[in-house]
Amino acid sequence: MRYGIFSDVHSNLEAFEAVLDAYKKEKIDQYIFAGDIVGYGANPKECIKLLREINPQAVCGNHDWGAAEKTPLDYFNDYARQALIWTRDILDEAEIRYLADLKLIYKDNDLTVAHASLDDPQAFEYILDLQTARKSLEILETPLGIVGHSHVPFILVEEEGYPRALKEYKVKLQEGKKYLVNCGSVGQPRDLDPRAAYCVYDTQDKTIEIKRLEYDIKTAQEKILDAGLPKNLAYRLGQGT
Ligand code: ZN
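This section reports on the structure supplied with the text.

Conventions and cut-offs
Each chain has its residues counted from 1, running along the sequence as written. Local features in a predicted model are, by the rule used here, given only for residues with pLDDT of at least 70; side-chain atom pairs are given and counted only at 80 or more, and totals for whole chains, interfaces and linings are based on all residues. Note that the side-chain values use all heavy atoms of the structure and ignore hydrogens as well as water. In this scheme Phe, Tyr and Trp rings, the latter by its six-membered ring, pair at centre separations within 6.5 Å, and the angle between planes marks the pair as stacked below 30 degrees, edge-to-face above 60, and tilted otherwise. A run of DSSP states H or I qualifies as a helix once it reaches four residues; a run of E qualifies as a strand once it reaches two. Both are numbered from the N-terminal end. Residue burial is assigned from relative accessible area. The probe radius is 1.4 Å, only protein chains are included, and a residue is buried under 20% of its type maximum, exposed over 50%, and partly exposed in between. We call two residues in contact when some of their heavy atoms are within 4.5 Å. Residues adjacent in sequence count toward polar contacts only when both atoms are side-chain atoms; beyond that, a polar contact is any pair of N or O atoms within 3.5 Å, and within protein one must be able to donate a hydrogen and the other to accept it. The rule for a salt bridge is simple: a side-chain nitrogen of Lys or Arg has to be within 4 Å of a carboxyl oxygen of Asp or Glu. For two strands to pair, DSSP has to find at least two bridges joining them.

## A few points about the packing of aromatic side chains
The description of two aromatic rings rests on the distance between their centres and on the angle between their planes.
Part 1 of the argument: A full pass over the atoms with the stated rule returns nine aromatic pairs.
Part 2 of the argument: With a centroid separation of 6.1 Å and 50 degrees between ring planes, the pair formed by Phe-6 and Tyr-23 is classed as tilted. Of this pair, Phe-6 sits in strand S1 (residues 2–6) while Tyr-23 sits in helix H1 (residues 13–23), placing them 17 residues apart in sequence. Tyr-23 shares its class with Phe-6; the two are buried.

## Some remarks on H1
Part 1 of the argument: Along H1, nine of the 11 residues are buried, which leaves the element largely enclosed by surrounding structure.
Part 2 of the argument: Residues Leu-13, Glu-14, Ala-15, Phe-16, Ala-18, Val-19, Leu-20, Ala-22 and Tyr-23 constitute the buried set of H1.
Part 3 of the argument: Buried residues in H1 make contact with S1, strand S2 (30–33), helix H2 (44–53), strand S11 (196–202), strand S12 (207–213) and helix H7 (217–226).
Part 4 of the argument: The backbone nitrogen of Glu-14 lies 3.3 Å from a side-chain oxygen of the residue at the head of H1, namely Asn-12.

## Details of the pattern of salt bridges
It is possible for side chains of opposite charge to pair when their charged atoms get near one another.
Part 1 of the argument: Here the structure, examined in full by the defined rule, presents 22 salt bridges.
Part 2 of the argument: We note a salt bridge from Glu-209 to Lys-170, for which the minimum N-O separation is 4.0 Å. With Glu-209 in strand S12 and Lys-170 in strand S9 (residues 170–172), this pair connects stretches of sequence that are 39 residues apart.
Part 3 of the argument: Asp-193 serves as the salt-bridge partner of Arg-195, at 2.8 Å between the closest nitrogen and oxygen.
Part 4 of the argument: A single network of salt bridges, built from pairs that share partners, joins Arg-2, Glu-26, Asp-202 and Lys-211.

## A short note on the pairing of strand S8 (residues 162–165)
Part 1 of the argument: The pairing of strand S7 (residues 154–159) with S8 spans four bridges and is classified as antiparallel. Bridged to Glu-158 within S8 is Pro-163.
Part 2 of the argument: In this structure, the hairpin formed by S7 and S8 is closed by a connection of two residues, where Glu-160 is found at a positive phi of approximately 50 degrees.

## Looking at the pairing of S12
Part 1 of the argument: With three bridges connecting them, S9 and S12 associate as antiparallel partners. Along S12, the bridge assignment pairs Lys-170 with Glu-209.
Part 2 of the argument: Two strands pair when backbone bridges link them, and S11 and S12 are joined in this way by seven bridges, in the antiparallel orientation. Bridge pairing in S12 links Tyr-198 to Lys-211.

Any functional reading would require information that these geometric values do not contain.
Printed below as a string of structure tokens:
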């Protein structure tokens, strides 16, 4: 089984199309989406359409539920809130319903997925340190846990009850160990690498890899400016912040 795992598309059609194109060469059996298809970018409708076409197992991000009015707008910072109000206005009822119906958590025999910290998915707590990561690993019942939300990719392994960060972005999973992976962001990377991030998990050869991909950042930026969204949301795409 080969999983195509990705997160945080954030209405960035150029990045999403590039990643889906790259996935065509990966022989993916099942797509997994870790949340935030909308917010920040200029193409929410097109991104929702593409997401539905690949029929992923998908969980909700805070922006998805924000657009569907299930997460209150005062939860968000100014830029995110402005983009969400803009997004809500252009989505139709069916698109809002799709976002509202996304579940908080997905689990099968191979992996568990939530947008943020697994121990309380509804709180959308960022995993930015090993202490927070530990809470997710403790309750993890599958070999692999997948999160997004911070837009910063990582692969952690649990050893003697404690998480350890691995330096590699391609890792061979060892039998009996648990791993927590942030698959990074397709549409708004924040690890100072502006390239789109996406992930492939192969259960046969037990490897997980986070890959990066150049895409047409300039067009995505121009669309954000043309839509009248905050300028900062265009600028940061070029910086990977
Ligand atoms: Zn996000």
